[in-house]
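# Structural characterization, general
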Amino acid sequence: KLIVALDEIQAKGLDDIFDRGNQNGVPGLEMVDGASIREIEPNVRGIKAVWSPETGIVDFQKVAVSYAEDVRKGGGEIKVNFEVADMLQRDPNYVTIVPKAGPEIRAKRVITCAGLHSDYVAKAGGGGGG
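As a starting point, this report considers the structure included with it. (Residues numbered from 1 in each chain as written. Predicted model: local features only at pLDDT ≥ 70, side-chain atom pairs only at ≥ 80, totals over all residues. Heavy atoms only, no water.)

## Here we look at helix α3 (residues 60-73)
- Compared with the 20 Å implied by 1.5 Å per residue over 14 residues, the 20 Å span of α3 between its first and last C-alpha is a close match.
- Taken from the residues just after α3, G75 is the one with a positive phi, measuring 90 degrees. (Helix = DSSP H or I, 4+ residues; strand = E, 2+ residues; numbered from the N terminus. Expected span 1.5 Å × (residues − 1).)

Set out below in structure tokens:
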């Protein structure tokens, strides 16, 4: 897939995406210019892009709805718009999730969905980046 910048302001954000992708071990990432964008995808225009040939695009809303159904069927609970400040392992059998606002939650298992911030949330929960 191509993550395309149309102007210099957007291009600055691509550097962060590129760096984070490399830190997380995404294979084959390349920073490409406008001419390379057209070679990869002739119908796309931009000044700069991150080319990620090993990743893809899905209808994530459908994926998330399917996952949510599975979690609820298994007795789990879904929290949305829930900003995580920290995740702690105070008990070997539970994770304590500390939100930015509201009470803490204890859980045996935690599945997160944080988009471009997933690497940060994974690290807060003790997971690796990548």
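## Brief notes about the nonpolar core
- The biggest cluster of nonpolar side chains holds six residues, and these are A5, A11, L14, F18, L29 and V50.
- With three residues, helix α1 (residues 8-23) is the single largest residue contributor to this core.
- When near neighbours in sequence (up to four residues on either side) are disregarded, V50 contacts K1, L2, I3, L14, F18, L29, E30 and M31.
- If you look at the next biggest cluster of nonpolar residues, it comprises five residues, including M87, V95, A107 and V121. (Core = buried A, V, L, I, M, F, W, Y, C linked by side-chain atoms within 4.5 Å. Buried < 20%, exposed > 50% of the residue type's maximum accessible area, 1.4 Å probe, protein only. Contact = heavy atoms within 4.5 Å.)

## Let's talk about unusual backbone geometry
- Phi is positive for N81, close to 50 degrees, though the residue is something other than glycine.
- Along the polypeptide, N81 turns up in the loop between α3 and β4 (84-91).
- N81 gets classed as exposed once you look at its relative accessible area, which sits at 83%.

## Points about the packing of aromatic side chains
- The tally for this structure, following the rule as stated, stands at zero aromatic pairs.
- Between the NZ or CZ atom of R106 and the centre of the ring of Y94, over which it lies, the distance is 4.1 Å. (Phe/Tyr/Trp six-rings, centres within 6.5 Å; stacked < 30°, edge-to-face > 60°. Lys NZ or Arg CZ within 6 Å of the ring centre and 35° of its normal.)

## Remarks on the sheet that holds strand β5 (residues 94-99)
- With respect to topology, three strands assemble into an open sheet ordered β4-β5-β6, the strand pairing being antiparallel. At either margin of the open sheet sits one strand with a lone partner, and together these are β4 and β6 (105-107). Ignoring which end each strand starts from, the neighbouring axes of this sheet average 25 degrees apart.
- The pairing of β5 with β6 spans three bridges and is classified as antiparallel. What sits directly across from I97, in β6, is I105. (Pairing = 2+ DSSP bridges. Axes fitted to C-alpha atoms, helices over the stretch in contact; angles between N-to-C directions.)

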